[in-house]
Amino acid sequence: MLRLWQFTTIQEAMHPRAQRLPNFPSVVLHRNSPWNCNLHRLDRRFVATGNLGHTTLSAKSEPALSDAQRKTIYALSTPPGKAGIAVVRVSGPDAIDVWRRVTRKSKSGDIPTPWMLQRRHVVDPETGEKLDDGLTVFFKRPKSFTTEDTLELHIHSGRAVLSAVLRALAKLPYCRPAAPGEFTRRAFEGGRLDLTQVEGLRDLIDAETEAQRRVAVSGAEGTARLRYEALRAQILECLVCVEGFIDFGEDVDELGQETAARDRALFIIDSIRSHLDDNRRGEILRSGIKLAIFGPPNAGKSSLFNFLAQRDAAITSPIPGTTRDVLTLTLDIGGFPVVLSDTAGLRETVDTVEQLGVGRAGNAVKEADLSLCVLSLPDVIFSPGSAQLRLPDEIKDHLTPNTLFLLNKSDIITNLPPEQSFTFMEYDGDCDRKKLPQLWTVSLRTSDGTQSFLDGLAEVLRTRYTDGIDLTSPLITHARHRDFLEQAVMHLAEFIAFPPSEIDIAAESLRYAARAIGSVSGLDVGVEEVLGGIFSSFCVGK
């Protein structure tokens, strides 16, 4: 509320002997005004300016409001630059006053209609100069993103226009620029979002591929929030059983309650472990699948890197050892985010710099989620016309179950039958076809077989990272989620290990487990929540 003060009252407080000025109108002080916030400090010197119809007060050396006092924040919510529309967002208790101060009616009235676009002139709050002609929309609390009164200014996205509007907002003493992520933080503090939704919203903004978008939408909509709330509720049910026995032991069946709590804890552990045993698929899809290209020199690794990048990202030459460092770029392959690395050719060398490159190549292959070994088909084919291949000794130590093979330079082999299948001699004794490595035959020079390779690689990614998973279902998408789930499993195992005689101590392990799950979404366990569960689930009174 705005407080109304008579100028004569302030004048008398400051200058008791001064003659009262006749017929001065009332002065309205805003609730965030320094005068209103510091009424006890009436030793300031006032300067009254204006006329009988309008009076303005100012103070000499008046201190600016602190950030704690300036509750209303503003920021440009769209990327800066030339465009048709830019959106400036304002949120806080003074949002409606910002609407009154920096906008003037064009065809709309003097009171904003919540959740409705209105055409308004954007003006300088001090001079009244027209800055732009745009649209405004006012979101009345709590039905806004931040749960506060929120104003959006839809203006033209020109550098001069944006600078002028942001300068105009900065002139309002109760407004300040928003800190990074502060609008979302206020949404979290207001209960609009939990931490998993905040992370999902950030991932949605950062999403570059279809798979990332689908996972992020799931998190932002609250699917993960529901899963963690369900896990937490199950742990609280165990805690209710245990606390009920501790507080009302004479009225409940000791063995039945204790056994039921342990059975529930075992079930919860199995449920959490089913999510933990996902080979980090959620985190990998969010951050990108690391795919390292490796192999002997001059096999076509950098040519493949350039082919996938669709530009000359790496230097290629017939001289062995051209690539001496790890080159990295991010691609979209079949809708999946792939962090592709080109590495130095693996071979014995006396060149010090090349030795460093070979060492880095080995580390890149070791850290990759998938590796793609590129081989020159003429160099590894056992004999002309043979379907058997031999692996170079230099690469054998770098092969893993996650290694794929690409046989390049198929155009050099004369009379190569179409769709010729090859096998490595080293895998002849493996009768399990499922364990045989995936390989493709291509010619990067003529582009023969490259489309089949791309389709096959996309299918491998789809099989490894989405088979058996509905991307609209919750996934562990951040290392933080995994850490707290592992803590919950540890505390639940501690609860099961306690003997019945120490059931009161075991209850603390359940409480820690519930807090670990609650930490994922930003919740915690309170005493009233546990007591409410006890009295609603048990009939202990007689």
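Check the entry above for the structure.
Residues numbered from 1 in each chain as written. Predicted model: local features only at pLDDT ≥ 70, side-chain atom pairs only at ≥ 80, totals over all residues. Heavy atoms only, no water.

**Overview of helix α17 (residues 503–521)**
Here is the rule: Counting from the N terminus, the helices are the DSSP runs of H or I reaching at least four residues and the strands are the DSSP runs of E reaching at least two. Multiplying one less than the number of residues by 1.5 Å gives the expected span of a helix.
End to end, α17 covers 28 Å across 19 residues, agreeing with the expected 27 Å (1.5 Å per residue, within 8%). Looking one or two places after α17, you find Gly522, whose phi comes out positive at around 90 degrees.

**Brief notes about the nonpolar core**
Counted only if it meets this: Residues enter a nonpolar core if they are buried and are Ala, Val, Leu, Ile, Met, Phe, Trp, Tyr or Cys, with the set joined through side-chain atoms within 4.5 Å. Summary of the burial criterion: residues with accessible area below 20% of their type's maximum are buried, those above 50% are exposed, and those between are partly exposed, where the area comes from a 1.4 Å probe applied to protein chains only. When checking whether two residues touch, look at their non-hydrogen atoms; a contact exists if any pair is within 4.5 Å.
Counting residues in hydrophobic clusters, the biggest one holds 32 residues, and the most contacted among them are Leu304, Leu340, Leu372, Leu406, Phe453 and Leu461. Broken down by element, the residue count for this core peaks at five residues, all from helix α15 (residues 450–466). Contact partners of Leu461, with chain neighbours within four places excluded, come to Ile289, Ile333, Phe336, Val338, Leu370 and Thr466. Grouped together as the second largest cluster of nonpolar side chains are 31 residues, Ile476, Val489, Phe495 and Ala516 included.

**A word on the pattern of salt bridges**
Our working rule: Any carboxyl oxygen of Asp or Glu within 4 Å of a side-chain nitrogen of Lys or Arg constitutes a salt bridge here.
All chains considered together, the criterion is met by 20 salt bridges. Between Arg176 and Glu182 there is a salt bridge; the shortest N-O distance is 2.6 Å. The same class applies to Arg176 as to Glu182, namely buried. A salt bridge links Glu210 to Arg213, with the shortest nitrogen-to-oxygen separation between them at 2.5 Å. Of this pair, Glu210 and Arg213 both sit in helix α7 (residues 210–220), three residues apart, which is roughly one turn of the helix. Connected through shared salt-bridge partners, Glu148, Arg176, Glu182 and Arg186 make up one network.

**Some words on the side chain of Thr403**
Here is the rule: Within 3.5 Å is the distance limit for a polar contact, defined as a pair of N or O atoms, with the added protein rule that one can donate a hydrogen and the other accept it, and that residues adjacent in sequence qualify only through two side-chain atoms.
Positionally, Thr403 belongs in strand β17 (residues 403–408). One polar contact links the side chain of Thr403 to the main-chain amide nitrogen of Thr400, over a distance of 2.9 Å. Those residues within four positions of Thr403 in sequence are excluded, and the remaining contacts are Phe294, Ser371, Cys373, His398 and Pro437.

**Observations regarding the pairing of strand β13 (residues 327–333)**
Every other side chain in a regular strand lies on the same face of the sheet, so the side chains alternate between the two faces. Quick reminder of the rule: Pairing between two strands is assigned when DSSP locates at least 2 bridges connecting them.
Note: β13 against strand β14 (residues 336–342), seven bridges, orientation antiparallel. Pairing of Ile333 across the sheet is with Phe336, part of β14. Between β13 and β14, which pair antiparallel and follow one another directly, the connecting turn spans two residues, one of which, Gly334, has a positive phi of 65 degrees.

**Examining the packing of aromatic side chains**
Definition in use: For this analysis, a ring pair means two rings from Phe, Tyr or Trp (six-membered ring only for Trp) whose centres lie within 6.5 Å, classed as stacked if their planes differ by under 30 degrees, edge-to-face if by over 60, and tilted for the remaining angles. Here, a charge over a ring means that NZ of Lys or CZ of Arg falls within 6 Å of the ring centre while also lying within 35 degrees of the ring normal.
For the coordinates displayed, the defined rule picks out two aromatic pairs. A centroid spacing of 4.6 Å and a plane angle of 50 degrees characterise the contact between Phe405 and Phe424, whose relative ring orientation is tilted. Placement of the pair is Phe405 in strand β17 and Phe424 in strand β18 (residues 423–424), with a sequence separation of 19 residues. Residue Phe405 is classed as buried on the basis of its relative accessible area, which comes to 1%. Consider the rings of Trp440 and Phe453, whose centres lie 5.3 Å apart with planes at 75 degrees: the pair is edge-to-face. Pair noted here: Trp440 is in strand β19 (residues 439–441) and Phe453 is in helix α15, with a separation of 13 residues, a long-range link. In this arrangement the basic side chain of Arg227 is found over the ring face of Tyr228, its NZ or CZ atom lying 4.3 Å from the centre. Here the guanidinium or amino end of Arg262 rests over the ring plane of Phe495, the centre of that ring lying 5.6 Å away.

**A word on the sheet that holds strand β7 (residues 103–105)**
Let me state the cut-off plainly: To get an axis, a line is fitted to the C-alpha atoms, and for a helix only the part in contact is used. The angle between two axes follows their N-to-C directions and goes from 0 to 180 degrees.
Strand order in this open sheet of seven strands is β7-β8-β9-β10-β6-β5-β11, and the pairing throughout is mixed. Sheet topology places β7 and β11 (175–177) at the edges, where each strand pairs with a single neighbour. Across this sheet, the average inter-strand angle for adjacent strands is 35 degrees, counted without regard to direction. Bridge count for β7 against strand β8 (residues 118–123) is three bridges, and the pairing is antiparallel. Across the sheet, residue Lys105 finds its bridge partner in β8, namely Arg120. Across the sheet, helix α3 (residues 95–102) lies against β5 (72–76), β6 (83–91), β7, β8, β9 (130–139), β10 (150–157) and β11, angled at about 65 degrees from β7, the strand it touches most. The sheet strands contacting helix α4 (residues 159–170) are β5, β6, β8, β9, β10 and β11, and the helix crosses β10 at an angle near 150 degrees.

**Concerning the environment of Phe484**
Within the secondary structure, Phe484 sits in helix α16 (residues 479–497). In this structure the C-alpha to C-alpha distance between Phe484 and Ala516, which are 32 residues apart in sequence, comes to 5.2 Å. Other than its neighbours up to four places away in sequence, Phe484 contacts Ala516, Ser519 and Val520.

**Description of the sheet that holds β14**
By definition, the strands of a sheet pair up through backbone hydrogen bonds, in either a parallel or an antiparallel sense. Within the open sheet, the six strands sit side by side as β13-β14-β12-β15-β17-β19. Their pairing is mixed. Of all strands in the sheet, those with a lone pairing partner are β13 and β19, marking the two edges. Pairwise comparison of adjacent strand axes, ignoring direction, gives a mean angle of 25 degrees for this sheet. In this structure, strand β12 (residues 289–294) lies alongside strand β15 (residues 370–376), joined through four bridges in parallel fashion. Looking at β15, one finds that Ile293 is bridged to Leu372.

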